Amino acid sequence: MRFGVVYPQTQLGADPIVMRDFLQAAEDLGYHHLLVYDHVLGANPAREGWQSGRPYSYTDSFNEPFTLFAWMAALTERIGFMTGVLILPQRQTALVAKQAAQVDLLSGGRFRMGIGVGWNEVEYTSLGMDFGTRGARSEEQIKLLRMLWTRDLVTYRGRFDTIDDAGINPLPQRPVPIWIGGTADVVLERAARMSDGWVAQSGDPQLYRDHTARFWAFAEAAGSADRVGLHTRLSTQQVPESEWESYVAGWAELGATELAVYPHGEALDDYLGRLRRFKEMFGL
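Note that this is a predicted model, so its numbers are computed, not measured.

Things to note about a nonpolar patch on the surface
Next, step 1: A grouping of Val40, Leu41 and Leu127 is seen on the molecular surface, where their side chains present a nonpolar patch of about 210 Å² in accessible area.
Next, step 2: Along the chain, valine 40 falls in the loop between β2 (33-36) and α3 (65-73).

Structural data, given as structure tokens:
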């Protein structure tokens, strides 16, 4: 199992010095990749029609992933970068292809794109996209992205996108790997059939035994079980250190190939201290 780090951006914020120090410490400790969450807009939870229990609002800080990773690529040499997950259907497909290709080139092939369909209808409306068709659109987008990353010129007429004899330049070094997040069966099947891996939820592995079993069954049916990965996360705020070993072992038993540690604390030293203790426990 490969171990990465979740950048705790809603806690550490957007101070470039803090961001740099966290990033370079994670690389120096030997972590495989840095995972970043994505939201373009945060809504006001007092607005009419808002569903209670949503995890983020306008008070939560989110750095823009493509810009962030391009900057981070210049500050590092080895650590990989992964969105976990980019809300793909609320974005223009050709623009995402261009941005992802640029990050991949600037990082020397260290970028992977985890994608999902999201839950925040406010973002879709504000960005001029249809929330109701987000699942179907994401499937079409994956096909088109791979065409744009591998061909000089693309002619494509789909349900959602049209490209008439045009292409991006420069192309990435290779098609950017796409991982898919979500728990619905339609998403698990799509991840098994179309992606390079599934971005699972974080939490007690026993609670996700059925989800992972269905994912691997879909992968067997698609003939992809020997090549797709399974990515999960460990929140140090929710899982005490005394349970880290059993947590990781539980996810390994379910077939997880990667796990990103989400550290928490009161200050930067607390966050990095947890990353150091995790490394001491598991090695990297």
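Overview of the environment of lysine 279
Next, step 1: Summarising the element assignment, lysine 279 is placed in helix α10 (residues 268-282).
Next, step 2: Separated by 250 residues in sequence, lysine 279 and leucine 29 have C-alpha atoms that sit 7.4 Å apart.
Next, step 3: In this view, lysine 279 contacts Asp28, Leu29, Tyr31 and Leu284; residues no more than four positions away in its chain are not counted.

Concerning the nonpolar core
Next, step 1: Membership of the largest hydrophobic core comes to 70 residues, with the highest contact counts inside it found for Leu34, Met113 and Trp149.
Next, step 2: A per-element tally of this core places helix α6 (residues 134-150) first, with 6 residues.
Next, step 3: Setting aside anything within four residues of it in sequence, one finds methionine 113 in contact with Phe66, Thr83, Leu86, Val96, Ala100, Leu145, Trp149, Val176, Pro177, Ile178 and Trp179.
Next, step 4: With 14 residues, the next largest nonpolar core counts Phe131, Trp179, Val199 and Ala260 among its residues.

With respect to the pattern of salt bridges
When charged atoms on two side chains of opposite charge get close, those side chains can pair.
Next, step 1: Taken as a whole, this structure holds 14 salt bridges when the rule is applied.
Next, step 2: Across the salt bridge formed by arginine 193 and glutamate 139, the nearest N and O atoms sit 3.0 Å from each other. In this pair, arginine 193 sits in helix α7 (residues 185-194) while glutamate 139 sits in helix α6, placing the two residues 54 residues apart along the sequence.
Next, step 3: We classify arginine 193 as partly exposed; its relative accessible area is 35%.
Next, step 4: Each of Glu139, Glu189, Arg190 and Arg193 takes part in salt bridges that share partners, so that together they form one network.

Conventions adopted
- Residues numbered from 1 in each chain as written.
- Predicted model: local features only at pLDDT ≥ 70, side-chain atom pairs only at ≥ 80, totals over all residues.
- Heavy atoms only, no water.
- Patch = residues over 30% accessible without salt bridge, like charges linked within 9 Å, V, L, I, M, F, W, Y side chains within 5 Å.
- Areas by Shrake-Rupley, 256 points an atom, 1.4 Å probe, with all protein chains shown as cover.
- Salt bridge = Lys/Arg side-chain N within 4 Å of Asp/Glu carboxyl O.
- Helix = DSSP H or I, 4+ residues; strand = E, 2+ residues; numbered from the N terminus.
- Contact = heavy atoms within 4.5 Å.
- Core = buried A, V, L, I, M, F, W, Y, C linked by side-chain atoms within 4.5 Å.
- Buried < 20%, exposed > 50% of the residue type's maximum accessible area, 1.4 Å probe, protein only.

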